[in-house]
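For reference, the chains in residue letters:
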Amino acid sequence: MTELGGFQDNVARIDLSEGDVDYESIDDEDAEKYIGARGLGVKYVFDNGPDVDPRSEDNLLAMMNGPLTGTQVVMSGRIAICTKSPLTGTVTDSHHGGWSGARLKWAGFDGLLFEGKSEDPVYAVVEDGEVELRDASHIWGKDTHETRDALEEEVEGSFGKNLSIMTIGQAGENGVRYACVMNEDDRSSGRGGTGCVMGDKNLKAVVVRSGTDMPKPADPETFREGHQQAMQVIQESEVTAPNEGGLSVYGTNVLMNVTEEMDGHPTKNGLYTSSNAMNEAEGTDLDAERISGENVRENILVDEPTCHSCPVACKKEVEVETEVKGEEMNVQMESYEYESAWALGTNSANDDRDKIAVMIDRCNKVGMDTIDAGNTMAMAMEADDEGKLDDFGEGIEWGDADEIIDLIERIAHREDDLADAMAEGHAGFADEIDGHDYRLDVKGQSIAAYDPRCMKGMGIGYATSNRGACHLRGYTPAAEILGIPEKVDPYEWEGKGELCATFQDLHAISDSFDICKFNAFAEGIEEYVMQYNGMTGLDVSEDELMEAGERVYNLERYYNNLAGFDGSDDDLPGKFVEGHENAIPGQGGSEGELCELDEMKEEYYDHRGWVDGVVPDEKLDDLGIEVGPGTGVSSSGGAAAPSDD
């Protein structure tokens with residue numbers, strides 16, 4: 001058990017096959033080593049075994065909060081959903097905001113571990129330190145909004161007051177490999193197919209009912225000092241200052257014009273580095289500004305909701321009226337995010353602002369990751385150009401917004417052969433159409449809206465992310481675009497290996513607290529240490545906390561090594577890579593640029609102490625990772641010496 005502040009010392013282990021619920025404490029050593037949320041969740045997934053089939057009932061689904069979740073800490077409304085990904089085959093953790101994580105803490109839990117598979121659809125009700133499974137047959141087949149409304153009435157609670165929900169839609173029910181988990185505010189654990197795992201377990205939803213019972217800090221004075229300092233730097237930041245900073249005013253979509261202007265904005269499935277570059281080459285009129293945060297705020301913004309303990313309010317709720325295939329539609333939805341607008345927008349050669357809102361809303365309803373959905377659309381469009389979809393008897397043209405909207409629904413239900421193939425994600429879809437040249441993914445998960453021909457740190461970040469291509473594992477654009485903590489040249493590859501690893505370890509800490517990564521635009525390790533020590537009662541140093549983040553990242557990589565991944569999987573789409581036969585040099589301000597991947601990998605592995613992407617046994621020992629059989633690799637590159645036991 002653990003007596004650290006910020007913990008409830010209560011985890012529910014739910015056997016869906018038997019319908020049983022057991023309650024267990026958290027190992028105190030694990031709580032200190034792996035912090036919570038992402039770190040502890042990955043440890044539970046590791047203990048379940050790296051060789052499980054992610055689509056089988058043997059896979060574990062862990063919903064975890066951290067020691068700072070649901071406290072007074074700014075932006076502390078996050079929750080981590082950890083499992084083995086059906087999209088990538090790696091370990092994955094996917095987070096969302098709102099109040100789900102906070103309410104789970106207030107309901108008396110640090111986490112929920114779902115094992116097995118229910119014979120019939122069920123949902124879980126969490127309240128007052130207990131979990132109850134209930135029949136969900138009547139809501140199976142409903143979308144996330146319909147499920148939310150039905151369960152709000154059924155459990156006699158009220159969203160926004162004492163109730164939260166985490167649910168899947170039809171995409172999760174039908175095994176779409178990039179299905180996500182949605183909460184009542186349309187916040188999404190979007191990446192890695194966590195919704196697919198819920199669907200495979202016949203788990204429709206988790207409903208949490210609680211009052212507001214924020215944990216008290218074990219060391220109030222240290223916590224108060226850290227909290228005040230964190231509030232000050234957030235209020236002074238040009239990015240996060242409430243009602244003034246770019247993130248607060250325009251949301252994440254503040255980056256649309258920024259990346260476009262620096263020619264770091266993958267366009268038309270990565271064929272170009274901006275919409276301007278595409279227009280110059282093809283004589284088209286695609287315009288990223290039409291779907292930018294500035295345009296959205298001026299024309300369709302109706303509300304700016306927020307999450308637990310967050311003054312930044314980056315979420316932007318919009319309302320649009322548009323016509324889709326002859327049908328007049330009025331849609332009010334949140335949130336018009338940068339990554340979603342890019343993937344369903346300019347990367348698909350589409351700049352219809354209002355129809356993109358419909359697309360995002362449709363993805364939210366069926367429970368589907370907008371990034372992978374949009375990238376898969378773009379992949380299909382390029383493949384169709386090359387005749388690769390002819391066998392389906394249909395295709396999809398660049399920028400066809402109405403068809404994208406229609407396909408989202410069809411993919412969620414796997415309605416036809418094309419939709420069924422696209423539901424498999426980049427890797428599966430490429431296998432089906434012999435279209436691997438059109439992929440924009442790493443390890444099966446598609447990239448985000450940052451072009452590695454322009455931002456070299458994002459290149460090594462995509463390649464070495466432990467959950468497949470991801471901008472949030474190590475957000476180097478903070479330095480390459482925003483100058484946080486200091487400005488670096490985005491086109492320079494040297495030093496990006498170390499920069500990326502530092503961001504990866506820092507984000508592993510915040511994900512394990514579990515607090516929003518956006519606080520890292522203002523806060524740093526100093527504020528993290530004070531608030532963590534104040535809440536838990538520990539006395540860790542900055543170096544010790546950074547080592548904990550490094551430990552979490554290495555545990556994930558170790559899991560992936562045991563699951564069969566090594567340095568050969570730390571790759572990038574050929575369009576971006578120097579020396580690749582499919583390389584397409586950047587244009588405009590990124591003229592001639594390609595990603596020096598081999599050089600960056602060598603630098604990165606050297607900094608990490610890895611051998612060709614594998615964590616050597618000496619590194620595991622140094623970090624105190626004392627689980628599993630080891631990788632059998634030594635730091636010298638040969639086989640590790642046998643242990644004494």
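Scroll up to find the structure.
Residues numbered from 1 in each chain as written. Predicted model: local features only at pLDDT ≥ 70, side-chain atom pairs only at ≥ 80, totals over all residues. Heavy atoms only, no water.

Peer 1: Would you mind showing me how to read the side chain of Glu 317 here?
Peer 2: Position of Glu 317 relative to the elements: it lies in strand S14 (residues 317-324). Arg 187 provides the closest opposite charge to the buried, salt-bridge-free Glu 317, at an N-O distance of 7.2 Å. Within polar-contact distance, the side chain of Glu 317 engages the side chain of Gln 332 at 2.8 Å. For Glu 317, the residues in contact, after removing those within four places along its chain, are Ile 300, Leu 301, Val 302, Asp 303, Pro 305, Gln 332, Met 333 and Glu 334. (Helix = DSSP H or I, 4+ residues; strand = E, 2+ residues; numbered from the N terminus. Buried < 20%, exposed > 50% of the residue type's maximum accessible area, 1.4 Å probe, protein only. Lys, Arg positive; Asp, Glu negative; His and termini not counted. Salt bridge = Lys/Arg side-chain N within 4 Å of Asp/Glu carboxyl O. Polar contact = N/O pair within 3.5 Å; in protein donor to acceptor, adjacent residues only side chain to side chain. Contact = heavy atoms within 4.5 Å.)

Peer 1: Where do I start with the sheet that holds strand S15 (residues 327-333) in this structure?
Peer 2: Neighbouring strands of a sheet are bound in pairs by backbone hydrogen bonds; such pairs are parallel or else antiparallel. Pairing within the open sheet is antiparallel, and its three strands lie in the order S13-S14-S15. The open sheet has two free edges, formed respectively by strand S13 (301-303) and S15, since each of these has just one partner strand. Sheet twist, expressed as the average angle between the axes of neighbouring strands with direction ignored, equals 30°. The pairing of S13 with S14 spans two bridges and is antiparallel. Across the sheet, Asp 303 pairs through a bridge with Glu 317, a residue of S14. In the packing of helix H13 (residues 353-366) onto the sheet, contacts are made with S14 and S15, and the angle to S14 comes to roughly 105°. (Pairing = 2+ DSSP bridges. Axes fitted to C-alpha atoms, helices over the stretch in contact; angles between N-to-C directions.)

Peer 1: When you look at a negative patch on the surface in this model, what are you seeing that I'm missing?
Peer 2: Taken together, the side chains of Glu 225, Glu 526, Asp 539, Glu 542, Asp 543 and Glu 544 define an acidic patch exposed on the protein surface. The element contributing the most residues to the negative patch is helix H22 (residues 542-562), with three residues. Counting through the fold element by element, Asp 543 comes out in helix H22. (Patch = residues over 30% accessible without salt bridge, like charges linked within 9 Å, V, L, I, M, F, W, Y side chains within 5 Å. Areas by Shrake-Rupley, 256 points an atom, 1.4 Å probe, with all protein chains shown as cover. Charge placed at Lys NZ, Arg CZ, Asp CG, Glu CD.)

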